[in-house]
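Residue-level listing of the chains:
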Amino acid sequence: MSNSLLEKFFRFGAKIIVRTMYSCDFKGFEENIPKSGGALIIANHVSYMDGLILNCASPRPLRFIIDEDIYNLPVVNYFMKMDKAIPVKASKDSVRSMIEKVTEAINHGDLVAIFPEGQITYSGNLSRFKFGIEWLLKENKVDVIPVILEGLWGSMFSRKYLDPKYRFKFIPRYFRKKIKAICGKPIAHEKATINYMQRQMMKMMAEVTIGGQ
């Protein structure tokens, strides 16, 4: 099977899994994600399902930057390679390699996605962004497209219930739960500092909470 067919199979499988588990409300993706060309997608990180949900919502394939330890997990590694994910760990050489791969991907016209918090939230709130996002933008003069994920906090795939014995008690309650993925307008490269991007994401999250969009 060719790489393009594997990629389509992966995205189709992601859509089946996500739409079976959740009642999905996706907004802004068709309008705000460019039809072609490279860009950087940022999103808040709420659960282990976030990557599948973003792949399901996006009209174009996404290449994720992912922690190397997770990337190398058995079985997971197969799907990460299929998804053309870019691994990284906390070392200078690894970060340099990641930046080079991201630059190559963007120059090739790919969409690269990153969770700038660097980890899944332990509180349900947006954590402070890591500096890696600014390092990427120094090398890549592209727009940044913000996405917020709502409704996933408290699911068995989030960190609300850290003790595994509690997680499975909530499956019936959260099965087919309504979730939202909202894609905002692109942030121009010139404005895309950590502080500005974080404020924009927090503003989007507040608007969804207040307006019930």
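A few points on the structure.

Conventions we followed
- Residues numbered from 1 in each chain as written.
- Predicted model: local features only at pLDDT ≥ 70, side-chain atom pairs only at ≥ 80, totals over all residues.
- Heavy atoms only, no water.
- Salt bridge = Lys/Arg side-chain N within 4 Å of Asp/Glu carboxyl O.
- Helix = DSSP H or I, 4+ residues; strand = E, 2+ residues; numbered from the N terminus.
- Buried < 20%, exposed > 50% of the residue type's maximum accessible area, 1.4 Å probe, protein only.
- Pairing = 2+ DSSP bridges.
- Axes fitted to C-alpha atoms, helices over the stretch in contact; angles between N-to-C directions.
- Contact = heavy atoms within 4.5 Å.
- Arc of directions from axis to C-beta.
- Phe/Tyr/Trp six-rings, centres within 6.5 Å; stacked < 30°, edge-to-face > 60°.

Pairing is possible between side chains of opposite charge, provided their charged atoms come close. This model, assessed by the stated rule, comprises four salt bridges. A salt bridge links E68 to K89, with the nearest nitrogen and oxygen atoms 4.0 Å apart. Linking E68 in helix α4 (residues 68–71) with K89 in the loop between β4 (86–88) and α6 (92–107), this pair joins segments that are 21 residues apart in sequence. Accessibility expressed as a relative area gives 22% for E68, which makes it partly exposed.

The next thing to look at is the sheet that holds strand β7 (residues 177–183). A sheet is described by the order of its strands in space; here seven strands give the open sequence β1-β7-β6-β2-β5-β3-β4, paired in mixed fashion. Edge strands, defined here as strands with exactly one partner in the open sheet, are β1 (22–27) and β4. Strand-to-strand twist in this sheet, taken as the mean axis angle between neighbours without regard to direction, amounts to 25°. Sheet strands touched by helix α3 (residues 50–57): β1, β2 (39–43), β3 (62–67), β6 (144–150) and β7. Its angle to β3, the strand with the most contacts, is close to 170°. Here helix α7 (residues 132–139) sits on the sheet in contact with β2, β3, β5 (111–114) and β6, set at roughly 170° to β2.

This paragraph deals with α7. Buried within α7 we find I133, L136 and L137. Taken end-on, α7 shows its buried residues confined to a sector of 95°, consistent with a single buried face. In α7, those exposed residues whose orientation departs by more than 90 degrees from the buried face are K138 and E139.

Bridge analysis of β3 against β5 gives three bridges, and the strand direction is parallel. By the bridge assignment for β5, F64 is matched with A113. Bridging between β3 and β4 involves three bridges; their strand directions are parallel. What sits directly across from I66, in β4, is P87.

A word on the packing of aromatic side chains. On inspection of all chains with the given rule, the structure shows two aromatic pairs. A ring pair is formed by F26 and F29, whose centres lie 6.3 Å apart and whose planes are at 70°; its orientation type is edge-to-face. Ring geometry for F64 versus F115: centroids 6.1 Å apart, planes at 20°, classification stacked. In this pair, F64 sits in strand β3 while F115 sits in the loop between β5 and α7, placing the two residues 51 residues apart along the sequence. Assessed through its relative accessible area of 12%, F115 is described here as buried.

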